[in-house]
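Each chain is listed here by its residues.
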Amino acid sequence: DAGVTQSPTHLIKTRGQQVTLRCSPKSGHDTVSWYQQALGQGPQFIFQYYEEEERQRGNFPDRFSGHQFPNYSSELNVNALLLGDSALYLCASSSYYGYTFGSGTRLTVV
Amino acid sequence: AQRVTQPEKLLSVFKGAPVELKCNYSYSGSPELFWYVQYSRQRLQLLLRHISRESIKGFTADLNKGETSFHLKKPFAQEEDSAMYYCALYIIQGAQKLVFGQGTRLTINP
């Protein structure tokens, strides 16, 4: 079992650009959550997807959007990138009990 | 408000000494708490959850609802315990999400 896989591992973008991050959940998991981890901080909940719908959103602007596909994989999109969006983006998949986290995508906005 | 506080950003102890990583939470509902660990260059992984009341790698944590705390303890620290530790509050309100503290970097000195 490959667990949760995220791509790409690293990414450098320019302010104002758009980015798409991808996540494949652990086998058997149908729920995907995204977290942002800024340097020196704990992860912060962005949103969660279940049955291809956004279940709940954290305190993030509409520039952050997502999608879940029928195979449960998910994408996180960020528009109009700001320097402050530089962070590690974590994907986590879950079933009834607990989360499994991916290794994350390190996004740097310059 | 839902909040997790880890008052120590850095903690350094000698090998063989006892370790206590502090965690306090604020939540109006019935809390479910976790400790996650991140070793160098590895993904975030679950260390223990208060419901299971188990001991993992010698670590234990007791939920104290009166003091709203969930401190992580180990009687004899080992060098391999050096890592980043995050306390997290698990909330089910529509979605299942984790609210993380800012983390404590634990360093075990030989």
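Refer to the preceding data block for the structure.
A short tour of the structure in this document, coming up. Values in this document were obtained by computation on a predicted structure and should not be read as measured data. Within each chain, residues carry numbers counting from 1 in the order of the written sequence. Chains carry letters and ligands carry numbers; both start at the beginning, A for chains and 1 for ligands, and go up in the order they are written. Reporting of local features is limited, given that this is a predicted model, to residues whose pLDDT is at least 70; pairs of side-chain atoms are given and counted only at 80 or more, and all residues count toward the totals for whole chains, interfaces and linings. The basis for the side-chain values is all heavy atoms of the structure; hydrogens and waters are excluded.

Residues and elements named next belong to chain A. Each residue is assigned to one of three classes by its accessible area relative to the maximum for its type, calculated with a 1.4 Å probe on protein chains only: buried under 20%, partly exposed between the two thresholds, exposed over 50%. Numbering of helices and strands starts at the N terminus; helices are DSSP runs of H or I of at least 4 residues and strands are runs of E of at least 2. Strand β4 (residues 31-37) sits mainly inside the fold: seven of its seven residues count as buried. Of the two faces of β4, the one holding Thr31, Ser33, Tyr35 and Gln37 and the one holding Val32, Trp34 and Gln36 are both buried throughout. Here β4 pairs with strand β5 (residues 44-50) via six bridges, running antiparallel. Looking across to β5, one finds that Trp34 is bridged to Phe47. Between β4 and β5, which follow one another and run antiparallel, lie six residues, and Gly40 among them has a positive phi close to 80°. For β4 and strand β9 (residues 87-94), the ladder comprises seven bridges, and the chain directions are antiparallel. Residue pairing across strands places Val32 opposite Ser93, the latter belonging to β9. Strand pairing requires that DSSP identify at least two bridges connecting the strands.

To qualify as a nonpolar core, a set must consist of buried Ala, Val, Leu, Ile, Met, Phe, Trp, Tyr and Cys residues joined through side-chain atoms within 4.5 Å. With 27 residues, the main nonpolar core has Trp35, Leu72 and Tyr85 of chain B as its most contacted residues. Elements with a contribution of two residues or more to this core: β2 (10-14), β3 (19-21), β5 (32-38), β6 (45-49), β9 (83-93) and β11 (104-109) of chain B. With five residues, the single largest contributor to this core is β9 of chain B. Of all hydrophobic cores here, the second largest spans 20 residues; its members include Val32, Ile46, Ala87 and Leu107 of chain A.

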